[in-house]
Protein chains: 12
Amino acid sequence: MRILVVHGPNLNMLGKREPAVYGLKTLAEIDALVNRRAGELGVEVTAFQSNGEGDLVGFLQDNDDADGLIVNPGALTHYGLSLRDAIASFAKPTVEVHLSNVYAREEFRHTSVIAPVALGQISGFGWRSYLAALDILVDVLKGGRQ
Amino acid sequence: MRILVVHGPNLNMLGKREPAVYGLKTLAEIDALVNRRAGELGVEVTAFQSNGEGDLVGFLQDNDDADGLIVNPGALTHYGLSLRDAIASFAKPTVEVHLSNVYAREEFRHTSVIAPVALGQISGFGWRSYLAALDILVDVLKGGRQ
Amino acid sequence: MRILVVHGPNLNMLGKREPAVYGLKTLAEIDALVNRRAGELGVEVTAFQSNGEGDLVGFLQDNDDADGLIVNPGALTHYGLSLRDAIASFAKPTVEVHLSNVYAREEFRHTSVIAPVALGQISGFGWRSYLAALDILVDVLKGGRQ
Amino acid sequence: MRILVVHGPNLNMLGKREPAVYGLKTLAEIDALVNRRAGELGVEVTAFQSNGEGDLVGFLQDNDDADGLIVNPGALTHYGLSLRDAIASFAKPTVEVHLSNVYAREEFRHTSVIAPVALGQISGFGWRSYLAALDILVDVLKGGRQ
Amino acid sequence: MRILVVHGPNLNMLGKREPAVYGLKTLAEIDALVNRRAGELGVEVTAFQSNGEGDLVGFLQDNDDADGLIVNPGALTHYGLSLRDAIASFAKPTVEVHLSNVYAREEFRHTSVIAPVALGQISGFGWRSYLAALDILVDVLKGGRQ
Amino acid sequence: MRILVVHGPNLNMLGKREPAVYGLKTLAEIDALVNRRAGELGVEVTAFQSNGEGDLVGFLQDNDDADGLIVNPGALTHYGLSLRDAIASFAKPTVEVHLSNVYAREEFRHTSVIAPVALGQISGFGWRSYLAALDILVDVLKGGRQ
Amino acid sequence: MRILVVHGPNLNMLGKREPAVYGLKTLAEIDALVNRRAGELGVEVTAFQSNGEGDLVGFLQDNDDADGLIVNPGALTHYGLSLRDAIASFAKPTVEVHLSNVYAREEFRHTSVIAPVALGQISGFGWRSYLAALDILVDVLKGGRQ
Amino acid sequence: MRILVVHGPNLNMLGKREPAVYGLKTLAEIDALVNRRAGELGVEVTAFQSNGEGDLVGFLQDNDDADGLIVNPGALTHYGLSLRDAIASFAKPTVEVHLSNVYAREEFRHTSVIAPVALGQISGFGWRSYLAALDILVDVLKGGRQ
Amino acid sequence: MRILVVHGPNLNMLGKREPAVYGLKTLAEIDALVNRRAGELGVEVTAFQSNGEGDLVGFLQDNDDADGLIVNPGALTHYGLSLRDAIASFAKPTVEVHLSNVYAREEFRHTSVIAPVALGQISGFGWRSYLAALDILVDVLKGGRQ
Amino acid sequence: MRILVVHGPNLNMLGKREPAVYGLKTLAEIDALVNRRAGELGVEVTAFQSNGEGDLVGFLQDNDDADGLIVNPGALTHYGLSLRDAIASFAKPTVEVHLSNVYAREEFRHTSVIAPVALGQISGFGWRSYLAALDILVDVLKGGRQ
Amino acid sequence: MRILVVHGPNLNMLGKREPAVYGLKTLAEIDALVNRRAGELGVEVTAFQSNGEGDLVGFLQDNDDADGLIVNPGALTHYGLSLRDAIASFAKPTVEVHLSNVYAREEFRHTSVIAPVALGQISGFGWRSYLAALDILVDVLKGGRQ
Amino acid sequence: MRILVVHGPNLNMLGKREPAVYGLKTLAEIDALVNRRAGELGVEVTAFQSNGEGDLVGFLQDNDDADGLIVNPGALTHYGLSLRDAIASFAKPTVEVHLSNVYAREEFRHTSVIAPVALGQISGFGWRSYLAALDILVDVLKGGRQ
């Protein structure tokens with residue numbers, strides 16, 4: 001079982017900017033945490049970050065044999081309709097994650113064009129959002145959705 | 001450490017209606033799962049369901065010595081401003097959960113008046129939403145939000 | 001065959017306020033008229049009024065073995081999403097009634113959150129709205145909807 | 001006592017299209033049912049159908065000595081302001097009927113420009129909507145609106 | 001010099017309905033007043049009324065050799081885009097008239113789809129609106145618009 | 001009988017700017033034309049122009065013994081609610097005039113806050129708008145509004 | 001003369017939460033202040049608080065022999081249409097009060113569904129809002145509204 | 001195989017008005033071109049133009065044995081819901097055509113109430129839009145939609 | 001302690017217009033009442049009225065040594081952003097008053113651009129609004145806002 | 001004569017996803033069909049697909065010596081303003097194509113930011129949309145737009 | 001070459017209020033800086049400040065022989081349509097300046113009714129906005145806009 | 001001191017397209033002018049252009065040791081939320097520039113998602129916008145913002 005973990009624009013700067021909003025951990029540290037948890041769960045993880053929407057779309061197309069997707073679309077959450085179509089086309093269970101509670105920030109961050117094509121959302125828990133997403137996605141993939 | 005688990009209107013009918021949307025488990029079964037997990041985590045859980053917004057507000061006021069809140073506001077998600085004010089007044093870490101992916105349902109379910117006063121949201125994973133909420137809330141309460 | 005007749009907030013004041021809008025009959029008189037007609041039609045009626053949305057939801061849950069519903073949601077028509085979910089969950093033919101022509105009153109009364117989950121609407125005919133609703137609901141229940 | 005029954009655009013195709021939405025009865029069959037009920041009630045009915053808004057307006061003007069109106073405006077419900085003005089000018093009790101529950105269909109069908117000038121609405125009960133409209137209109141005309 | 005005077009839906013009922021809003025004169029009386037003034041001004045007038053938008057469009061097409069247009073579109077003011085296109089195609093100076101002050105009536109009467117293709121508007125002066133329109137239109141046609 | 005003629009901001013520049021839109025005549029020339037016509041009609045005219053909304057309000061208050069008002073509010077048409085209140089308080093028949101067809105210009109010029117408190121509007125006929133307004137206002141004041 | 005003082009959801013927590021917004025006094029202290037002032041004014045006060053809209057509606061119905069109402073609807077200000085209908089039905093002079101200046105807070109707090117059925121509003125002065133409301137309501141009840 | 005070609009209001013004026021927008025060909029010339037192409041494709045064409053929405057609806061009802069429809073709704077594109085319902089009822093493959101690129105014209109021309117019930121749209125290519133529509137419609141009818 | 005009392009456009013006409021809405025007292029009478037109450041409270045009052053927004057702004061700038069402000073902005077309530085900025089710059093406790101309940105009047109009167117920079121609002125109580133505003137403002141200035 | 005054929009994000013997945021919506025043909029098969037038709041028409045075609053908006057813009061800039069453009073913008077249709085500017089800058093006849101009838105899908109797909117800078121649109125005919133676009137574009141380029 | 005520098009309402013209070021937003025320099029100091037720079041550039045400057053829109057309009061009319069305009073409209077930016085018309089009538093190159101970045105402040109400050117009639121905007125740089133405006137305006141006036 | 005100068009999509013075509021809107025200078029010429037001015041000011045400039053949002057984001061991340069930013073986002077101004085987040089993360093003084101006055105162009109160009117995270121804006125002055133931006137940015141960086 002292989003899970004994709006996709007990070008959108010600017011997330012490579014985690015731990016280096018606005019720690020009050022995004023926390024202190026770098027993306028590498030988060031990927032390491034996710035990998036360790038994946039090992040415990042007996043699944044494989046392929047992580048990818050890009051600032052370009054086209055590259056994110058391409059990564060999903062190139063990895064459409066994976067079993068599930070965890071995606072933090074960054075600012076593309078609000079206008080990335082190409083990414084949305086790619087996720088819909090990927091057609092595997094997808095969990096949308098956000099580090100911060102987007103509903104407590106600027107108005108434009110309250111709308112997600114990704115959410116309707118995801119299985120569910122986890123937002124507001126910093127790096128823990130990713131770990132919870134992995135736990136639940138593996139659980140769904142293994143057990144179905146009773 | 002004591003966690004409140006609050007279920008809003010109609011959630012007492014879980015397992016008895018629209019299983020394609022809400023799953024097969026009853027509320028009692030979900031509460032039992034949450035309690036078992038709480039035992040594993042070494043925390044206490046107090047669960048409450050009501051169809052009346054006033055009762056939900058009252059429950060929060062009567063239990064303001066608890067340490068955290070997991071709330072599935074049901075339809076109050078979209079208009080329950082009194083519940084929102086009660087959660088803001090409760091002023092402990094709060095996780096908003098939804099069984100279904102509300103963003104893939106009717107338009108009016110895309111707006112949450114609760115979200116801005118919560119720490120984060122978990123939605124779309126059926127009964128697993130509650131368990132993930134408990135895990136993450138206890139983790140936040142124990143470890144802070146680095 | 002048993003039909004529920006549910007009256008929302010403030011309808012217990014019928015006959016006592018604004019007769020130009022709501023007519024001269026009290027709720028008890030309307031219930032009596034409905035009961036008499038039910039007797040003629042050979043069906044049983046259970047009537048209920050509450051000013052609290054939670055109680056209305058509870059009544060529907062407690063009587064989900066009934067065969068149909070006539071509901072005058074009062075002001076909940078315009079924001080009572082919990083009541084809406086309860087009616088959807090009830091899942092029996094439902095007729096929404098209004099005493100006055102809500103479309104000839106304030107703008108906010110033109111929107112019904114209940115209508116999409118009802119079989120149909122009858123509005124504007126005073127107490128006659130209830131009798132017409134009973135006639136038609138029994139007719140539908142007996143004959144199906146050809 | 002004479003009642004007008006006016007059917008708007010496309011209603012002459014009833015029974016020939018989309019029976020799942022509009023039922024199996026033709027317009028002629030519905031008119032026959034209405035006439036039979038009118039006979040029982042001791043009133044006269046004049047029915048008219050047209051696809052052209054101008055003809056519908058003209059029919060109302062030519063029959064302004066009638067005592068009441070039952071109108072199913074079809075798609076004109078949503079934009080037929082000329083028909084609306086004609087009904088307002090007609091100035092007799094008017095019942096707006098719809099075969100289907102328009103509130104459970106496309107968004108644009110949720111708005112009626114006719115409703116504010118009608119006495120009331122009956123929608124969602126197929127051909128029964130017409131019969132209920134006739135019953136209630138005759139009742140109102142005979143007894144006033146207490 | 002020939003001027004068209006076009007009256008939209010329901011205007012044939014003038015003097016017979018709502019005199020508080022529309023005045024006491026019939027359409028025939030207004031046409032007579034317009035004709036008399038036209039005689040004084042030395043111009044010819046062709047008047048036409050229809051309840052059907054298609055007929056109004058056809059009249060304009062059949063008379064495109066006229067020199068100017070006075071149009072009271074009635075309720076088509078607010079949605080008659082076919083009439084608008086016909087007036088734009090007619091391409092002669094056009095004066096839009098209304099008997100009542102539409103801006104002091106229902107909200108939906110505040111928007112005119114005809115206004116952008118007219119030379120100007122005169123509204124609120126009852127039958128005098130037509131006479132003023134004729135005076136000014138003839139003046140413009142004779143003298144240009146300095 | 002005395003009629004006020006009130007010109008709003010920038011109208012003192014008529015004849016000096018954008019002649020394609022506003023025509024070639026200066027405000028003095030228009031006032032002279034209006035005065036001459038007033039003489040023919042046997043009424044007195046008091047004209048006033050100001051760029052300041054407060055001064056326009058004051059002029060109306062100081063002349064509340066006049067019998068009618070012709071007002072070209074200029075850009076205040078779209079936001080001058082103080083002028084609107086002053087006209088409503090003046091409470092004599094008021095004609096709103098515009099030189100150009102405001103509905104064929106920028107979107108923001110399509111809304112008038114003055115229109116609901118006027119008797120009627122005349123717009124689009126250049127300086128002729130004023131003369132037509134005077135004619136019709138005197139006619140209404142002399143003859144009432146049959 | 002008897003005045004009702006009605007406090008909506010969460011107001012029983014006054015003095016215990018967010019003192020920067022709501023002040024330091026408890027609801028009991030405010031009620032005591034209101035009672036003392038009532039004594040000075042020679043009127044009787046009946047105070048009531050509930051978190052449930054239905055209970056608030058019921059209280060108004062049960063006390064419709066009172067002479068006036070002071071109501072702080074809390075969050076129901078923005079969606080409590082049932083409460084609005086109950087106040088309209090109560091039909092005695094009603095003063096809407098708010099502790100904080102709702103217009104300087106979140107956008108959703110700028111709209112009041114209660115305001116159109118009240119005599120007036122007093123907001124932004126903490127507990128003083130209640131005392132001013134009592135003074136003015138008694139003054140109005142005694143002296144009429146010259 | 002028989003194809004209907006329906007032209008809406010004002011299209012009978014083609015070649016006579018605004019050639020910069022609509023081109024130089026008359027409707028008769030376009031119909032001739034369509035007929036010639038139909039001959040080459042071995043299909044029959046029945047063309048119809050009317051300025052009245054009711055007549056267009058009637059034509060579709062009278063020809064419901066045809067195999068496909070090419071419709072240029074003219075201004076009805078934006079409000080002709082009766083025509084929309086007639087096309088939906090017709091229930092054969094329908095191609096919506098426009099001579100001009102409606103998206104490069106006035107804002108109100110950007111919305112089509114017809115589009116959702118058509119198979120597809122071709123707009124912006126003048127008379128060529130009709131020929132392309134015929135080609136593609138016959139192709140679809142013959143070959144299905146692989 | 002010195003309090004400014006600022007009356008906006010048209011308020012100098014109080015007692016002379018629409019007494020059903022604004023009451024019978026003139027502005028001079030209201031100012032006298034305010035002055036008498038100020039004497040009782042031991043504070044000084046400086047009153048000012050102008051129809052011009054610029055003058056109102058200037059008055060506030062020239063009196064920025066005052067201790068508080070009572071302002072009835074009249075129609076400027078809804079668009080007077082310059083006055084708003086002047087009040088924000090004045091930076092002393094400000095009470096916004098209205099004679100009538102603006103929320104029960106035209107839609108455009110429901111929005112106040114002044115409210116967000118005021119301490120609070122009192123509206124709907126006629127001249128009593130001013131006296132209540134003075135009482136409460138002096139109370140706040142003397143006692144702080146506990 | 002050389003025509004560009006530009007495919008936007010995700011279109012490289014054609015034939016591999018959602019065949020019910022997008023058909024069974026792969027992009028390579030469509031390109032082959034287009035090339036064959038181009039050969040018949042005696043024109044050259046250069047096809048390009050990218051998931052990145054920047055690359056699509058660059059391709060248009062690098063090929064600005066081509067004579068025309070067929071573009072299926074995919075999801076960029078709805079937000080790709082950079083692509084829009086590039087097409088406007090390209091300044092050759094452009095045909096916008098869509099495989100599916102975008103107006104019968106989600107609301108957000110009803111708006112095209114590309115349409116105003118195209119010559120016309122063809123949508124809803126699957127791969128045939130491309131062939132019709134090629135036919136008509138070559139026809140326009142050869143014959144102008146009479 | 002003479003340049004007008006126009007300051008709108010409240011700007012005479014610069015340096016005296018909210019220095020965190022508007023900076024520490026008074027308007028006199030800014031005017032002195034602008035004059036010094038003008039001297040260096042060899043142009044003449046005429047500065048004017050008023051709190052009244054009418055006065056600002058009048059100043060522009062009285063100085064229409066000047067060669068360019070720098071205008072900081074203050075709050076009139078958002079509703080001063082009379083000032084807008086005056087600037088459009090002035091018809092010389094105009095630079096709109098703002099001390100603060102209006103897009104980072106309240107929502108209502110994001111819209112400028114002045115911007116469409118200006119050559120360009122400079123905002124957010126405090127007093128430096130004026131100097132940059134002068135530099136660029138003189139440069140444009142001397143060199144044209146290549 | 002090092003300043004970044006970032007040009008968004010399509011700006012590499014400057015001088016080659018629509019000179020009436022964008023002027024005659026190429027991007028290379030503008031960069032040369034900026035460099036020369038930078039030399040005079042004693043600062044270093046690093047210029048970058050890309051049509052891809054991801055590349056622009058990457059450039060900012062790779063150069064986060066620079067001291068300031070001048071950015072012309074091109075069409076990304078209106079939807080480039082990823083670029084916005086990158087600028088916010090860059091966290092150095094940023095000047096947004098536009099060659100044309102975007103407020104005098106299409107409606108969609110009136111909104112900037114970049115503006116709220118910039119220090120200020122300069123728009124409408126062609127290539128001079130860049131030079132003014134450089135002057136002012138260096139001045140701010142050297143002198144702070146008094």
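Our structure's up above, just so we're on the same page.
As the structure is a computational prediction, the values presented were derived from the model and not from experiment. (Residues numbered from 1 in each chain as written. Chains lettered and ligands numbered in written order. Predicted model: local features only at pLDDT ≥ 70, side-chain atom pairs only at ≥ 80, totals over all residues. Heavy atoms only, no water.)

(A) Main features of the side chain of E:Arg2. All names here are of chain E. Within the fold, Arg2 resides in strand 1 (residues 2–7). By relative accessible area, Arg2 is classed as buried at 14%. A polar contact of 3.3 Å, which involves the side chain of Arg2, links it to the side chain of Asn63. (Helix = DSSP H or I, 4+ residues; strand = E, 2+ residues; numbered from the N terminus. Buried < 20%, exposed > 50% of the residue type's maximum accessible area, 1.4 Å probe, protein only. Polar contact = N/O pair within 3.5 Å; in protein donor to acceptor, adjacent residues only side chain to side chain.)

(B) Focus on the pattern of salt bridges. This model, assessed by the stated rule, comprises 84 salt bridges over all chains. In this structure, the salt-bridge partner of D:Arg109 is H:Asp85, at a minimum N-O distance of 3.0 Å. With one member in each of two chains, D:Arg109 in the loop between strand 4 (94–98) and strand 5 (120–123) and H:Asp85 in helix 4 (residues 81–90) form a pair that bridges those chains. For the pair shown, D:Arg109 and H:Asp85 are each scored as buried. I:Glu106 serves as the salt-bridge partner of F:Arg84, at 3.7 Å between the closest nitrogen and oxygen. In this pair, F:Arg84 sits in helix 4 (residues 81–90) while I:Glu106 sits in the loop between strand 4 (94–98) and strand 5 (120–123), so the two residues belong to two different chains. (Salt bridge = Lys/Arg side-chain N within 4 Å of Asp/Glu carboxyl O.)

(C) Examining the sheet that holds strand 3 (residues 68–72) of chain L more closely. Pairing in this open sheet of ten strands is mixed, and the strands run 2(K)-1(K)-3(K)-4(K)-5(K)-5(L)-4(L)-3(L)-1(L)-2(L) from one edge to the other. Since the sheet does not close on itself, it has two edges, and those belong to strand 2 (44–49) of chain K together with strand 2 (44–49) of chain L, each with one partner. The sheet shows a mean angle of 20 degrees between the axes of neighbouring strands, direction not considered. Set on the sheet, helix 5 (residues 128–143) of chain K makes contact with strand 1 (2–7), strand 2, strand 3 (68–72), strand 4 (94–98) and strand 5 (120–123) of chain K; between it and strand 3 of chain K the angle comes to about 160 degrees. Across the sheet, helix 5 (residues 128–143) of chain L touches strand 1 (2–7), strand 2, strand 3, strand 4 (94–98) and strand 5 (120–123) of chain L, and the angle it forms with strand 3 of chain L is around 160 degrees. (Pairing = 2+ DSSP bridges. Axes fitted to C-alpha atoms, helices over the stretch in contact; angles between N-to-C directions. Contact = heavy atoms within 4.5 Å.)

(D) Representation of the packing of aromatic side chains. Considering all chains together, one arrives at 24 aromatic pairs over all chains under this definition. On the numbers, 5.9 Å between centres and 80 degrees between planes, the contact of A:Tyr79 with J:Tyr79 is edge-to-face. Remark: J:Tyr79 occurs in the loop between strand 3 (68–72) and helix 4 (81–90) and A:Tyr79 occurs in the loop between strand 3 (68–72) and helix 4 (81–90); the pair is interchain, linking two chains. An identical accessibility class is assigned to A:Tyr79 and J:Tyr79; each is buried. Plain terms: the ring middles of K:Phe48 and K:Phe59 are 4.4 Å apart, the flat faces sit at 5 degrees to each other, and that makes the pair stacked. (Phe/Tyr/Trp six-rings, centres within 6.5 Å; stacked < 30°, edge-to-face > 60°.)

(E) Highlighting unusual backbone geometry. Despite not being glycine, D:Ala91 has its phi angle at roughly 60 degrees, a positive value. Tracing the chain through its elements places D:Ala91 in the loop between helix 4 (81–90) and strand 4. A positive phi angle is found at G:Asn10, which is not glycine, with a value near 75 degrees. Here G:Asn10 is to be found in the loop between strand 1 (2–7) and helix 1 (19–22).

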